[in-house]
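# Overview (structure and organization)
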Amino acid sequence: MGFFDTVVDTVTNAGREVGDKAKEIAETTKIKNEIAAEKRKIKEEYEKIGRLYVKEFKDRPNPLFAESVNKIAASEKLIADKEAELDDAKVFKVCPNCGAGMSADSKYCSKCGQEV
Ligand SMILES: [Zn+2]
C-alpha cells in the first residue's frame, strides 16, 4: 500500500469512527429521553395518587401523610388569602390629587375632597 492509500485509509477509518461515535451519542440521547419520559410518567402518577389521597382523606389523613396533607392545606389557604388580596387591590382607587387610596366605588376622595 502506497503512502497515498495509507492516508486515504487512515482518513476513512477516522471518518468511520466519528460516524460510529455520532450514532452512539444519538442512541444514548434517545435512551436518555425515553428514561426521562418514563420518569415523567411516574411523577405524574405519584401526583395523581397524592391528589386523590388529599381529596379523599383531607380531613382524616393517615399519620404517615398528615404532614404533607397539612402543608398542602396551609398552602391552599395562603393562596386563597393572596387571591383575595389581589381582588382587593383591583377594586382599589387612588386619588389623582393627593394619592390617597379608596375603594373603587368612591366618588370623592375622603382626604382632600377631590372628585375621583
Ligand atoms: Zn385626594
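What counts and what doesn't
Residues numbered from 1 in each chain as written. Predicted model: local features only at pLDDT ≥ 70, side-chain atom pairs only at ≥ 80, totals over all residues. Helix = DSSP H or I, 4+ residues; strand = E, 2+ residues; numbered from the N terminus. Rg over C-alpha atoms; globule rule 2.2 N^0.38 Å. Contact = placed C-beta atoms within 7 Å. Buried ≥ 20, exposed ≤ 12 C-beta atoms within 10 Å, placed from the backbone. Expected span 1.5 Å × (residues − 1). pLDDT = per-residue confidence, 0-100.

This part takes up the overall build of the chain. Helix and strand counts for the chain come out as two helices and two strands. For the chain, the succession of helices and strands along the chain, N to C, is α-α-β-β. Its C-alpha atoms give the chain a radius of gyration of 33 Å, more than 25% over the compact-globule value 13 Å for 116 residues. In terms of its C-alpha atoms, the chain occupies a principal-axis envelope of roughly 105 × 50 × 15 Å. A separation of at least 24 residues holds for 0% of the contacts in the chain among residues at least 6 apart in sequence.

This part takes up the environment of Lys43. When you line up the elements, Lys43 lands in helix H1 (residues 3-57). Using a count of 10 C-beta atoms within 10 Å as the deciding quantity, one classes Lys43 as exposed. Sequence spacing of Lys43 and Val54 is eleven residues, and the spatial spacing of their C-alpha atoms is 16 Å.

In a regular helix each residue adds 1.5 Å, so 28 residues correspond to 40 Å; helix H2 (residues 63-90) covers 41 Å between its end C-alpha atoms and thus fits that length. Along H2, only zero of the 28 residues are buried, which leaves the element largely exposed.

Attention now moves to the confidence of the model for the chain. Across the chain, the average pLDDT comes to 90, with 98% of residues at 70 or higher. Of all secondary-structure elements in the chain, the lowest mean pLDDT belongs to strand E1 (residues 92-94), at 83, while H2 reaches the highest, 91.

Turning our eyes to something else, we now look at the environment of Asp105. One can find Asp105 in the segment after strand E2 (101-103). Take Asp105: there are 7 C-beta atoms within 10 Å of it, and that puts it in the exposed class. The spatial distance from the C-alpha of Asp105 to the C-alpha of Val116 is 9.5 Å, given a sequence separation of eleven residues.

Further remarks concern H1. Over its 55 residues, H1 runs 80 Å from end to end, which matches the ideal 81 Å to within 8%, given 1.5 Å per residue. Little of H1 sits inside the fold, with zero of its 55 residues counted as buried.

Tracing the backbone through its elements, the reader meets Lys90 in helix H2. Look at Lys90 and you get exposed, because 8 C-beta atoms sit within 10 Å. Once the C-alpha coordinates of Lys90 and Ser103 are considered, the two residues, 13 residues apart in sequence, prove to be 9.3 Å apart.

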